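Descriptive structure summary
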Amino acid sequence: MSGNRLIISALVLALVQIGFLSWIIAGRAAILRNGKEVLLKVEPVDPRDLLRGDYISVNNSISRIPVKLIANIPQGMFSSDDTSIVVRLKKGADGYWQPTAAWFGKAPASAGPDEADIAGHLAEGWGLRDPEATIAPEYGIDRFYVPEGEGMAIQTDMRVRPFGIKLALSADGTPQIKALMDGDRTLFKEPLY
């Protein structure tokens, strides 16, 4: 009798794990399929991870934002807490999106039709006193993996012409990298599943 319970428990646990993983994958695919597209300019950085292979480090136009863009810094707050941040983006004349405003927590109003909000996280300890200083929010979009052996060539090309990443943003601002762009040409597209 106890052997049957053990088998049933193992099967239930396996189904719960499969369901959880499927939920994560489906959520990511939904953002890639239905999210608002945003193009960010990227800069070259070391393209190798010994365990996972070649990647493009996504040091992009929103990796560092000026403190003066944060609209709701509490009076007397001199450094950041471990907190969420929303950065409002607007498409520039060159096709790349740039930060125009930011808020700790949530944006006070929805983004307009020509704007988009990206949700991020700001670690504790960033200085907020100097409006000309910058902070570095984390968005979870810092790497795009490419086929083995192609990372170095792409990093070299990034030094001579503009590259970008196309993001898909969910309604709550959660980002997913959708594609790596070489100018107007798509180099690599992220599969849905």
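Whatever comes next refers back to the structure up there.
Calculation criteria
The numbers attached to residues start from 1 for each chain and follow its sequence in the written order. Two thresholds apply to this predicted model, a pLDDT of at least 70 for residue-level local features and 80 or more for giving and counting side-chain atom pairs, whereas whole-chain, interface and lining totals are computed over all residues. Think of the side-chain values as coming from all heavy atoms in the structure, minus any hydrogens and water. Counting from the N terminus, the helices are DSSP H or I runs at least four residues long and the strands are E runs at least two residues long. Each residue's exposure class comes from its accessible area (1.4 Å probe, protein chains only) as a fraction of the maximum for that residue type: buried when under 20%, exposed when over 50%, partly exposed otherwise. A contact between two residues is defined here by any heavy atoms of the two lying within 4.5 Å. For every accessible area listed, the method is Shrake-Rupley and the probe measures 1.4 Å; residues are considered covered only by the protein chains on display. Note on charges: Lys and Arg go in the positive column, Asp and Glu in the negative column, and His and the chain ends are not counted at all. Each charge is placed at NZ for Lys, CZ for Arg, CG for Asp and CD for Glu. Polar contacts, as counted here, are pairs of nitrogen or oxygen atoms within 3.5 Å of one another; within protein the pair requires one atom able to donate a hydrogen and one able to accept it, and residues that are adjacent in sequence qualify only if both atoms are side-chain atoms. Between any two strands, pairing holds if DSSP finds at least two bridges. To obtain an axis, a line is fitted to C-alpha atoms, over the contacting stretch when the element is a helix, and the angle between two such axes runs from 0 to 180 degrees between their N-to-C directions.

Description of the overall build of the protein
- Check the secondary structure of the protein and you find two helices and 13 strands.
- Dimensions along the principal axes, computed over C-alpha positions, put the protein at roughly 70 × 45 × 35 Å.
- Burial analysis of the protein (193 residues in total) assigns 38% to the buried set.
- Here the analysis covers contacts within the protein between residues at least 6 apart in sequence; of these, 66% occur between residues at least 24 apart.
- Element-wise, carbon and sulfur atoms account for 58% of the exposed surface of the protein, whose accessible area totals about 11400 Å².
- The average position of the 21 basic charges and that of the 23 acidic charges among the side chains of the protein differ by 5 Å.

A closer look at the side chain of S63
- Positionally, S63 belongs in the loop between β4 (59–60) and β5 (65–66).
- A polar atom in the side chain of S63 sits 2.8 Å from the backbone nitrogen of N60.

Overview of the sheet that holds strand β12 (residues 175–182)
- Strand order in the open sheet formed by five strands is β4-β1-β11-β12-β13, and the pairing between neighbours is antiparallel. Strand pairing shows two members of the sheet lacking a second neighbour, β4 and β13 (185–189), which therefore form its edges.
- Here β12 pairs with β13 via four bridges, running antiparallel. Bridging from a neighbouring strand, L180 pairs with F188 of β13.
- In the packing of helix α1 (residues 2–34) onto the sheet, contacts are made with β1 (36–43), β11 (163–169) and β12, and the angle to β12 comes to roughly 50°.
- Where helix α2 (residues 151–158) meets the sheet, it contacts β1, β11, β12 and β13, and its direction lies at approximately 105° from that of β11.

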